[in-house]
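Fold and geometry: a report
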Amino acid sequence: MVKTHPIRNRLLGYAFWAAVLVFGFEASFGHETRAEKPNLVVIFTDDQVHNAIGYDNPEVHTPHLDALAAEGVIFDKAYVATPICAASRASMMTGLFPQQHGVIALAQKAFERQYWDGKEKAPQTLARLLSGAGYYTAAYGKSHLGKQVDYGFDEGAQTGPHDDVDTFARMERFLADRAASGKPFFLWLAPHQPSVPEWPAKRWLDLYDPQALTLPPNFRISPLDESLNNQGVPGQHYYRDSSYRRNVGNLPAGPPRDRELMRRFLQAYYAVVSHL
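Residues numbered from 1 in each chain as written. Predicted model: local features only at pLDDT ≥ 70, side-chain atom pairs only at ≥ 80, totals over all residues. Heavy atoms only, no water.

Brief notes about the environment of Leu96
Going by this rule: What counts as a helix is a DSSP run of H or I of at least four residues, what counts as a strand is a run of E of at least two, and both are numbered from the N terminus. Contact between two residues is taken to exist if any of their heavy atoms lie within 4.5 Å; hydrogens are not considered.
Considering the arrangement of structural elements, one finds Leu96 in the loop between α3 (85-94) and α4 (98-101). Expressed as a C-alpha distance, the spacing of Leu96 and Ala81, which sit 15 residues apart in the sequence, is 9.5 Å. Ignoring anything within four residues of it in the chain, the contact list for Leu96 reads Ser91, His101 and Tyr115.

Have a look at this one:
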């Protein structure tokens, strides 16, 4: 295991970048046998901060992810060109900066105009490149760029926020169907968790004592206009806090958030990470 610096991006990057590196080798030699082309699986979580994982934060319970990390390589020198979800996803699918692929916010229209099928020759995407290298490609879960088959995957589906029922069930069926195939596959699995709104079940909340959780060193509740913990676009605080109120308890709806309230939010966030 290699570890040199805290993770700087929003995903479990080691799986994704391992897939890219393997593909870079395979693409140079298009005639390999099946045994020389490993199956590739990318697990792409949504809004998982760099220290919301056990090997980087002992307060977080993620034993299965820790085991994967211990058996492989932690690639933690990853950087993103934008903190926006859809723009980052478009960059990973194209290898381009947001100003090049056009997705600079949460809308998919720029990506649709450039990369969806329907034109005489759609530009390359990661899925199309892998298909050209002999892989069968599939993507299940959150897309934020439209239907996955429209930008190069052989099959896929945008699933809802309840990953247990939708995303992982579809993944299991896919793996079972491909097990007997002689063709290598690339599976992009994109859970919605732990993105807001959070819906943690009690069994996961019970893993954490909010009073024992460490607040980030930059936490501050005042002055309001200088505290990131108290900022948000209109409606955002209601969208997030209303879901916490239903599942964590009778929490006030919106900023300012004192230390006790922030620890309750942190409890819910870590609970969903553990569930994932």
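Structure shown, so let's carry the discussion forward.
Section: the nonpolar core
For clarity, the threshold we go by: Only buried Ala, Val, Leu, Ile, Met, Phe, Trp, Tyr and Cys residues count toward a nonpolar core, and they belong to the same one when joined by side-chain atoms within 4.5 Å. Each residue gets one of three labels from its accessible area relative to the maximum for its type: buried under 20%, exposed over 50%, partly exposed in between, using a 1.4 Å probe on protein chains only.
Among the nonpolar cores identified, the biggest contains 25 residues, and Met93, Val103, Phe111, Tyr151, Phe153, Phe186 and Trp188 are the most heavily contacted of them. Going through the elements one at a time, β1 (40-43), α3, α5 (109-115), α6 (126-132) and β4 (185-190) are the ones with two or more residues in this core. Looking at which element gives the most residues to this core, the answer is α3, with five residues. Excluding residues within four positions of it along the chain, Phe111 makes contact with Ala90, Met93, Thr94, Val103, Trp116, Leu145 and Tyr151. If you look at the next biggest cluster of nonpolar residues, it comprises nine residues, including Tyr140, Ala157, Phe174 and Leu189.

Regarding the confidence of the model for the chain
Put simply, the rule is: A score between 0 and 100, pLDDT records how confident the predictor is in each residue.
Predicted confidence across the chain gives a mean pLDDT of 76, with 72% of residues reaching 70 or more. Counting contacts from residues 1-32, a segment whose pLDDT is below 50, to residues more than four positions away or on other chains yields 76 contacts. Note on residues 231-247: pLDDT is under 50 here. Beyond four places in sequence and across chains, it has 36 contacts.

As for unusual backbone geometry
Cis peptide bonds are those with omega within 30 degrees of zero, and the linkage from Gln193 to Pro194 qualifies with 0°. Turning to its location among the elements, Pro194 is positioned in the loop between β4 and α8 (202-205). The phi torsion at Asp47 lies on the positive side, around 65°, for a residue other than glycine. Mapped onto the secondary structure, Asp47 falls in the loop between β1 and α2 (63-70). Looking at Asp47, the relative accessible area reads 30%, which means it is partly exposed. Phi is positive for His144, which is not a glycine, with a value near 65°.

Quick look at the pattern of salt bridges
Using the following cut-off: Within this document, salt bridges are pairs made up of a side-chain nitrogen of Lys or Arg and a carboxyl oxygen of Asp or Glu, the two lying within 4 Å of each other.
Summed over the entire model, instances satisfying the criterion amount to four salt bridges. Asp46 is the partner of Arg89 in a salt bridge, and the nearest nitrogen-oxygen pair spans 3.7 Å. With a gap of 43 residues between them, Arg89 in helix α3 and Asp46 in the loop between β1 and α2 connect regions that are remote in the sequence. Taken individually, Arg89 and Asp46 each receive the classification buried, so the pair is uniform in this respect. With a closest N to O distance of 2.7 Å, Asp206 and Lys202 form a salt bridge. There is no split in this pair, since Asp206 and Lys202 are both exposed. Because the salt bridges share partners, they merge into one network encompassing Asp46, Arg89 and Lys142.

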